[in-house]
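Here is how the chains run, residue by residue.
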Amino acid sequence: MDMTTRLKCLLMAIQQYTDSRTATNAAKLQKQVEGISTLPPEQLLTPGQALPTECVSGLVDLAGNPNTSPALTSCIVSLLEQLASDGESRALLHSSYSLTSTLASIIHCHSVTPAEPLVLQCLRVLQKLTYNTRVFQSISYFHELISFLMVNIQSLNDELITPCLGLMANLCRDNHSVQSYIKSLENVKPFYRTLINFLAHSSMTVVVFTLSILASLTMNEKVGEKLFDAKNIHQTFQLVFNLVVNGTDTCKYAVDLLVDLLKSVKIADYLTRYKHFSVCVSKVLGLLHSKDPESAAKVLELLLSMCRISGLRSLLCEVVFKPAAAPKLRTGRKLGQGPDAEVKESGAALVQCLSSSVEGAEARTLQALQLLHELLEEALGADAVADCVLRYVEMLLPVLLDLLKGLDSAEGDAQLQKHCTRITHVTSLLLVLCAEDSTRTAVSRQVSATLCLAQVEELLACCYNNSPLSCVGPQSDNSLSQVSSEALLKTLELMSKLRQQVKDMVTSFYKMLQDQRIVTPLSLALTSHHRDSVQTALSLLFEATPLPEFPALILGECIAANNAYRQREAELSVKRVAVQEFPSTRVNSSALDSSTSSMHKTVSGLADKMQNGLALQEKPRDSLVSEVINVYEQKLSAFESKESRLQDLLEAKALALSQADRLIAQFRVQQAQAEAEARKLGCLLKGAEHRREELQCELGNQVLEVDRCKSDIEELLKHNSRLQQDSEEHQTLKGAYNTLLNRLNESERTLKELQAAHIALTKQNDSLKKNQETLQLNNDRMVALVEERDKEIKSLHLDLQQKDSDIADLRSELLAEGLRLKEKEQERRDLEETVDVLRKELDKTQQARKDASIKASSLEQQRSQLELKLKQKEDELNKHSSMIAMIHSLSSGKMKNDSNVSL
């Protein structure tokens, strides 16, 4: 079964299920959808064909209908996911078929059960569909989709977190309207808190999606400044580089995150000071050896975004051209040996991107050329070009020259356009190399005039002869004539730069400038809105104007025709198909008008007949009706396609007529110029004959001059040998000079270090002087304090001596009182003895006893008083002894301090 039949069967099954939503029709349609999924996606997504477009539109409508069965919806969504295989298909599904709003409506219908497989499938397709695509708020169910994503992100359902975060990251990136809408919601602060909590999630995919959302929403706010400040940004850099180097599924999101962060000047400055930058970039460059064009393209996109920052561009040059300090990359292979082997893998990876033959690597090649353009422009713009850069250029030149080959006018327009774009980038890079003397010499050694001449001839054929109608008027920037013209002018500019260094380049260059076919690309460039194209064309025009055969008049006519064409295009943009504006006497226009009107009548008549015929049958059979519908459907589609072809032919004929008028005017101008040139050539022929006779006489003189020149040549050869010896001596002296220069640089560096040390020691000496003055003041204060203490100690010594004398007196008194006490004790004993003797005489001596007892009591009182006084004297003695000990300790401590101060 061919494709047309299968698509018709699918369209019929869609119509049957739309009319009657039964299980049988659903099963038939699902079977047709599963069968059509085996077809290549480009056969179903062809904008110019009606039948595939109708099928895809019907499937999208059925998927968005809430009455469609979930199984059938899931099958249709699977087919649509398969169709969204590349960027062009995704853009077509988003813009022409409104698949984004359809999937949003499906999610809204099943928002009550978010964990359903159909919802997860739609989220996955939406994440794939909205990547690098701007979604506007005007689409259906947009606000409901945002609410669904925010609710399920905060619900902490692990099954929904990752797809919801990925879709939210796609919707927020580079979309200010979506960002403003989310910021205006009431529950945005809890949403921010949830996102910040996700930064500690175990899944790196979740962390990258979260950082992307936060970068889009909070970059210029206080929350973003805290999240991406100097303390946290280095962790973010390490996370991004790890994800990119490890080649995970979120590699492209990590690259997009870093590209968005680098738009901030502060974060870009942080990255320039990131200590692991060189190591990370070296590992990222190692990914260019991968055979996956998409991964390599994302890596090159990251490097190109870094090149837009001046500080990072110089660091990238050090990594690519001077990778000795970077670690060796074990991925990939070396490109060659000899001088190329000295260039490490970091720079060789870019060269491998240029020479890669992987399918779909054209965009990667152009990105690599743009990156090399930026890096070499930075490296060659320095004061002194390093040797490693020159070695890299030597390795790069053969690869660049191979990219210039292979242009064949017999190829299709798409291949020619790609090749012309590649030639433009390569020649722009070669022009950068020609800006410096040493690299220009290297380019001139490998570029030949034959190669450039063949290149220009092919481009002229592509621009002028291949499709003359397409290059009469100015086209869009991506048209074949415009691209080939730009490549041609870049090649001529390269020839102009190298015409003095390459043999026969001057002749080839001026020959091409006098070719009449050069008028078309020059006129397109002069009337272009690109500044570089206009400047290149003006520089070439300045070179070509003095040439005798330059077609200046034709160039003026062509520029006028281009301006008229632009004005005509502006008028026709309002009414693209306005047949009434063309003369009715043109046979082609009238024939096309009549055929179009007759076709409309035939189609409307067939539609009326089919409708009337079906209405007359009261009970038509299903098989007969389906056959009739199929037949008339085929006829209608054939008439519609024929109508579209006739309409296109009408537009082409109208355009061809207006262009033919301009071609006739150009032909008349060229014919007049040819006649003038013929007359001029006749005059030149007569002058040439006369000149030939004069030259014949001069020839004899020149022979004599040749003999004299031979002797001069011998002398010059001898002089050349002497100059060779001088050159060798110069090289030797140059080496000695370089050695002395290195020693001078080393001495200057040592001098700077010693000056820095001298400044530091001077500061230290000043601080020590300040400390010495402070200590001197403290010392003076301490000396005065010590003198005061000495005076106090002397006074205390005098008091102590007085106390000692008092103590000695008290001790003598105490001894006397003790002797008296002993005497009294002896007397008491004697009295007690006498008491026993006189007891018998008690009565007689009662009065004497009373007197004796009174005397004894008095003596006892005196003894107690003496004991109390003795205790007081002992307490005073203890106090004085403690004071003496304290004075001795103070005097000993002061003496030590005085000795320390004197030392």
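Quick note: structure is the one above.
Here the residue index of a chain counts from 1 through its sequence in written order. Residue-level local features of this predicted model are given only where pLDDT is at least 70; pairs of side-chain atoms are given and counted only at 80 or more, and the full residue set underlies all totals for whole chains, interfaces and linings. Side-chain calculation: all heavy atoms of the structure are included, whereas hydrogens and water are not.

**Q** Tell me about the overall build of the chain, and please be specific about residues and values.
**A** Looking only at helices and strands, the chain has 34 helices and zero strands in total. Burial statistics for the chain: of 903 residues in total, 35% are counted as buried. Computed with a 1.4 Å probe, the accessible areas rest on the Shrake-Rupley method; for each residue, only the protein chains presented here act as cover. Summed over its atoms, the accessible surface of the chain is roughly 52,600 Å², and 54% of this surface lies on carbon and sulfur atoms. Only runs of H or I of at least four residues qualify as helices and only runs of E of at least two qualify as strands under DSSP, and these elements are numbered from the N terminus. Throughout, exposure labels follow a simple rule: accessible area from a 1.4 Å probe, protein chains only, divided by the maximum for the residue type, with under 20% read as buried, over 50% as exposed, and the rest as partly exposed.

**Q** Residue-level account of the side chain of D260, with values.
**A** Among the structural elements, D260 can be located in helix α16 (residues 251-261). Beyond its immediate stretch of four places on either side in the chain, D260 contacts R173, D174 and M219. The contact criterion used is simple: two residues touch if any of their non-hydrogen atoms lie within 4.5 Å.

**Q** So what's going on with the environment of R134? Residues and values would help.
**A** Relative to the helices and strands, R134 resides in the loop between α8 (117-129) and α9 (142-154). Considered as a pair, R134 and R173 are 39 residues apart in the sequence and their alpha carbons are 8.2 Å apart. With residues near it in sequence (within four places) discarded, R134 still touches H94, D174 and N175. Within the local environment of R134, its side chain forms a polar contact with the backbone oxygen of D174, the two atoms lying 2.7 Å apart. Within 3.5 Å is the distance limit for a polar contact, defined as a pair of N or O atoms, with the added protein rule that one can donate a hydrogen and the other accept it, and that residues adjacent in sequence qualify only through two side-chain atoms.

**Q** A description of the packing of helix α1 (residues 3-19) against helix α4 (residues 50-64) should follow, citing residues and the corresponding values.
**A** Interaxial distance between α1 and α4 falls to 10 Å at its minimum, and their mutual angle equals 30°. Read as a crossing pair, α1 and α4 show a hand that is left-handed. Between α1, through T4, L7, K8, L10, L11, I14, Y17 and T18, and α4, the contact on the second element is made entirely by L51, P52, E54, C55, G58, L59 and L62. Here the term charged refers only to Asp, Glu, Lys and Arg, the term nonpolar to Ala, Val, Leu, Ile, Met, Phe, Trp, Tyr, Cys and Pro, and the term polar to all other amino acids, Gly among them. Residue composition of the contact of α1 with α4, grouped by class: 10 nonpolar, three polar and two charged. Axis angles are defined between N-to-C directions and span 0 to 180 degrees, where every axis is a line fitted to C-alpha atoms and, for a helix, only to the segment in contact. Left-handed describes a crossing in which the near helix is turned anticlockwise from the far one by less than a right angle; the clockwise case is right-handed.

**Q** An account of the pattern of salt bridges is requested, with residue identities and associated values reported.
**A** Pairs can form between side chains of opposite charge once their charged atoms are near each other. Should a side-chain nitrogen of Lys or Arg be within 4 Å of a carboxyl oxygen of Asp or Glu, the pair is scored as a salt bridge. Taken as a whole and assessed by the stated rule, the structure comprises 24 salt bridges. A salt bridge links K298 to D256; the nearest nitrogen and oxygen atoms lie 2.8 Å apart. Separated by 42 residues along the polypeptide, K298 in helix α19 (residues 293-307) and D256 in helix α16 bring together distant segments of the chain. The exposure class assigned to K298 is buried, which follows from its relative accessible area of 9%. Of the residues examined, D256 reaches a relative accessible area of 2% and is grouped as buried. Put simply, R863 and E867 hold a salt bridge, and the shortest N to O gap is 2.5 Å. Here the residue R863 and the residue E867 both occupy positions in helix α34 (residues 846-902), the gap between them amounting to four residues, near one helical turn. For R863, a relative accessible area of 26% gives the class partly exposed. A relative accessible area of 42% means that E867 is categorised as partly exposed.

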